[in-house]
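Here's the letter readout for the chains.
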There are 2 protein chains.
Amino acid sequence: MSSARATSARDLTRNQHLVLGTLEKAESPLSAYSILDQLREEGLRAPLQVYRALDKLLEMGLAHRLESLNAFVACAHPHCHKSGLIAFAICESCGQVSEFSDDVVRQRLDDWAAREGFVTKRTTMEIRGACRACASAA
Amino acid sequence: MSSARATSARDLTRNQHLVLGTLEKAESPLSAYSILDQLREEGLRAPLQVYRALDKLLEMGLAHRLESLNAFVACAHPHCHKSGLIAFAICESCGQVSEFSDDVVRQRLDDWAAREGFVTKRTTMEIRGACRACASAA
DNA sequence: GGCATTATGTTATGACATTACAAGTTTGAG
DNA sequence: CTCAAACTTGTAATGTCATAACATAATGCC
Ligand SMILES: [Zn+2]
Ligand SMILES: [Zn+2]
Ligand SMILES: [Zn+2]
Ligand SMILES: [Zn+2]
């Protein structure tokens, strides 16, 4: 099998496909358990089924984990993650998440790491606050 | 009462003092439950006693929460948090945490927020990897 | 004292994540 | 084809992190 959709390195399994679909339809980050609840009628029953799918999706760069929320989102830019450092702005009012990157920031952190001899494996950067719409509504 | 130690705005309560002391003695971030375990002999019994103390310590800037670990550390620079943005480098091998700040990074994020109309409340920035000692040992 | 405010103690519960084991699928060597 | 290795899935139980709800005690102001 395996026809068109070359998502990344390989095709998705059924569970991975279901989980990613749920994340893509959502307007806000979802916890693993709320993903599970939305997929009960598809036959999923245990948290591990979701966590296993999420692990692979994170590896492939198709989803991200928001550490400050213990929640997950589908990647907003599946095709351009060259930067290597992604930042998230999370609206605490409406839940919307914006994904962006900044080469200057990446460079400054790389410089710091080089000076300190620190070998970076992964960086998380999360800005919490209110998006334009919610900020002006308040 | 209340003599010398003007930690911040006010003196610490007994529980706050115990929790902060535990964090300061630790060489790595501690979870709330491991703080609790270390304070059983001081009379603490329930998670909430620790979480309440931590909440106040975070407010006062005497401790920080590491979102990517669900753990807490004592602040390394209690007297100079003017920058408003603190980054943490966490060694996944030895657990050591370095706390630093970078005005250029802060400025870039402020600029992004200004462009987007995003009102920032709080920013977390955590670099995971290996410190110099552990990286060269490996 | 009387009353508001703040800190504490205790139990129960909720939310997030993993361990351990069993069973089914796929794939490819022989 | 047959068998076994490698991988994926299913399930139950457990572990870890955090808060809700309620009761009690100390503190400070009038
Ligand atoms: Zn992305
Ligand atoms: Zn919003
Ligand atoms: Zn600090
Ligand atoms: Zn180290």
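No experiment lies behind these values; they were computed from the predicted model shown.

## Points about the packing of helix α1 (residues 14-25) of chain B against helix α3 (residues 47-60) of chain B
All names here are of chain B.
And then number 1: Remark: α1 packs on α3, axes separated minimally by 9 Å, with the N-to-C direction vectors making an angle of 80 degrees. Judged by the inter-axis angle, α1 sits roughly perpendicular to α3. Judged by residue contacts, Asn 15, Gln 16, Val 19, Leu 20 and Leu 23 of α1 engage Gln 49, Val 50, Ala 53, Leu 54, Lys 56, Leu 57 and Met 60 from α3.
And then number 2: Of the residues belonging to the contact of α1 with α3, the class tally is eight nonpolar, three polar and one charged.

## A short note on the relation of the copies chain B and chain A
And then number 1: Structural alignment of chain B on chain A gives an RMSD of 0.1 Å, achieved by rotating through 180 degrees and translating 0.0 Å along the axis. Taken together, the rotation and translation relating the two chain copies correspond to the operation of a two-fold axis. Scanning chain B for the C-alpha nearest the rotation axis identifies Met125(B), at a separation of 2.2 Å.

## Some points on the coordination of the zinc ion (ligand 4)
Residue and element names in this part refer to chain B.
And then number 1: In this structure, Cys 91 (SG), Cys 94 (SG), Cys 131 (SG) and Cys 134 (SG) serve as the protein donors to the zinc ion (ligand 4), at separations of 2.2 to 2.3 Å.
And then number 2: All donors of the zinc ion (ligand 4) come from a single chain, and their spacing in sequence reads C-x2-C-x36-C-x2-C. With Cys 94 in the loop between β3 (87-91) and β4 (97-100) and Cys 134 in helix α5 (residues 132-137), this pair connects stretches of sequence that are 40 residues apart.
And then number 3: Overall, the relative accessible area of 36% leaves Cys 94 in the partly exposed class.
And then number 4: By relative accessible area, Cys 134 is classed as buried at 16%.

## Remarks on the sheet that holds strand β5 (residues 119-130) of chain B
And then number 1: Read across the sheet, six strands follow the order β4(A)-β3(A)-β5(A)-β5(B)-β3(B)-β4(B) without closing on themselves; strand pairing throughout is mixed. Of all strands in the sheet, those bounded by a partner on one side alone are β4 (97-100) of chain A together with β4 of chain B. The mean angle between the axes of side-by-side strands here comes to 20 degrees, regardless of whether they run parallel or antiparallel.

## Some details on the side chain of Glu67(A)
And then number 1: Examined against the element boundaries, Glu67(A) turns out to sit in the loop between β1 (63-66) and β2 (71-74).
And then number 2: Among the polar contacts made by the side chain of Glu67(A), one reaches the side chain of Arg65(A) at a distance of 3.1 Å.
And then number 3: Dropping the residues within four chain positions of it, Glu67(A) is found in contact with Arg122(A), Thr124(A), Glu126(A), Glu67(B) and Ser68(B).

## Points about unusual backbone geometry
All names here are of chain A.
And then number 1: Positive phi is not limited to glycine here, since Asn 70 has a value of about 50 degrees.
And then number 2: Along the chain, the position of Asn 70 falls in the loop between β1 and β2.
And then number 3: Given the relative accessible area of 38%, Asn 70 is considered partly exposed.

## Concerning the UniProt feature "binding site: Zn(2+)" (unreviewed entry) in chain A
And then number 1: Here, the residues flagged by UniProt with the feature "binding site: Zn(2+)" (unreviewed entry) are Cys91(A), Cys94(A), Cys131(A) and Cys134(A). Spatially, the listed residues are clustered: although they cover 44 residues, their C-alpha atoms lie within 8.1 Å of one another.
And then number 2: Filtering out sequence-adjacent residues up to four positions away, Cys94(A) remains in contact with Ser28(A), Cys131(A) and Cys134(A).
And then number 3: Within the secondary structure layout, Cys131(A) lies in the loop between β5 (119-130) and α5 (132-137).
And then number 4: Cys131(A) sits in the buried class, given a relative accessible area of 8%.
And then number 5: If we ignore the near neighbours within four places in the chain, the residues touching Cys131(A) are Cys91(A), Cys94(A), Gln96(A), Gly117(B) and Phe118(B).

About the thresholds
Every residue gets a number counted from 1 within its own chain, in the order that chain's sequence is written. Chains and ligands are labelled by the order in which they are written, letters from A for the one and numbers from 1 for the other. Local features in this predicted model are restricted to residues whose pLDDT is 70 or higher, and side-chain atom pairs enter the listing and the counts only when it is 80 or higher, whereas totals over whole chains, interfaces and linings include all residues. To get the side-chain values, take all heavy atoms of the structure and skip hydrogens and water. Axis definition: a line fit to C-alpha positions, over the contact stretch in the case of helices; interaxial angles, taken between N-to-C directions, run 0 to 180 degrees. What counts as a helix is a DSSP run of H or I of at least four residues, what counts as a strand is a run of E of at least two, and both are numbered from the N terminus. For this classification, under 35 degrees means roughly parallel, over 145 means roughly antiparallel, 65 to 115 means roughly perpendicular, and everything else is oblique. Here, two residues are considered to be in contact whenever any of their heavy atoms come within 4.5 Å of each other. Residues are grouped as follows: nonpolar covers Ala, Val, Leu, Ile, Met, Phe, Trp, Tyr, Cys and Pro; charged covers Asp, Glu, Lys and Arg; every other residue, Gly included, is treated as polar. The atoms used to superpose the copies are C-alpha atoms, taken from residues with pLDDT of at least 70 in both, and the fit is least squares. A donor here means an N, O or S atom no more than 2.8 Å from the metal, or no more than 3.2 Å when the metal is Na, K or Ca. Since water is not included, a site may seem to lack partners. Exposure categories follow from relative accessible area, calculated using a 1.4 Å probe and restricted to protein chains: below 20% of the type maximum is buried, above 50% is exposed, and the middle band is partly exposed. What makes two strands pair is DSSP finding at least two bridges between them. Pairs of N or O atoms are called polar contacts if they sit within 3.5 Å, as long as, within protein, a hydrogen donor faces a hydrogen acceptor (for residues adjacent in sequence, only side-chain-to-side-chain pairs). UniProt positions are given in the numbering used here, feature names are shortened, and annotations may be inferred rather than shown by experiment.

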